[in-house]
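Coordinate inspection notes
One letter stands for each residue in the lines below.
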Amino acid sequence: LGAWDQAIAAAAPNEPLVIVGHSLGGVTSFDLLSAFRPDLMVDLFVSVGSQVSHFEEMKLFRSSRPDIPSAATQRAPKPPNIRHWINVLDEVDIFSYACERVFDGVRDLAYDTRTYVIKAHGAYFQQARFYQRLRARIDELPAGCAGRPPAHCRRRPLSCVARSSRRPLPSPGGHDDRRRSRA
């Protein structure tokens, strides 16, 4: 938690707060945000190749409610401090789980790493195509409040920053996945 606080303090003013968690990093980030830091407003939470929904179904989070699912409530609520949540999964990645059927307010993004079972889990961040697809999904988020942040947030909404800055997402160490072709 201290590292998060240091990163937030060092960030430029009015920049959105984006938390990306891969695999168990997505699980621990969700648990921290939902139970230990519900005061931390996050503009975008991105879980990648993660088991968040699996842990929720087993009721392993501190915030998990034993009464969900039920006839009245089919899915667990997205934590209120997370404005937008994108969950990235690859069907070949045996450690990635869809979240839309377990949580309200999350958008699953199917991503094909174009690899095989053993390699898929670690391939997301090695492919420029991953960053391009994620950026496209971020650009699709609702603008909200005509470019003004909600009353509870001191930062500009993520979608407004993404639309106005058009900064390229970083390339993963110069890797280029264009040399791969689909068989």
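Residues numbered from 1 in each chain as written. Predicted model: local features only at pLDDT ≥ 70, side-chain atom pairs only at ≥ 80, totals over all residues. Heavy atoms only, no water.

**Concerning the pairing of strand E3 (residues 82–89)**
Burial analysis of E3 places eight of its eight residues in the buried class, which makes it a mostly covered element. As paired strands, strand E2 (residues 42–48) and E3 are joined by six bridges and run parallel to one another. Counterpart to Val-42 in the pairing with E3 is Ile-82. As a crossover connection, the stretch from E2 through helix H3 (residues 52–57) into E3 is right-handed. Summarising the sheet, E3 and strand E4 (residues 107–110) pair through four bridges and their orientation is parallel. Of the residues in E4, the one forming a bridge with Ile-86 is Arg-107. (Buried < 20%, exposed > 50% of the residue type's maximum accessible area, 1.4 Å probe, protein only. Helix = DSSP H or I, 4+ residues; strand = E, 2+ residues; numbered from the N terminus. Pairing = 2+ DSSP bridges. Right-handed = clockwise from strand over helix to strand, strands pointing away.)

**Things to note about the pairing of E2**
The buried fraction of E2 is high, at seven of seven residues. Two elements, strand E1 (residues 18–22) and E2, share five bridges in a ladder whose sense is parallel. Paired with Ile-19 across the strands is Phe-45, a residue of E2. The parallel pair E1 and E2 is bridged by helix H2 (residues 24–36), and the resulting crossover is right-handed.

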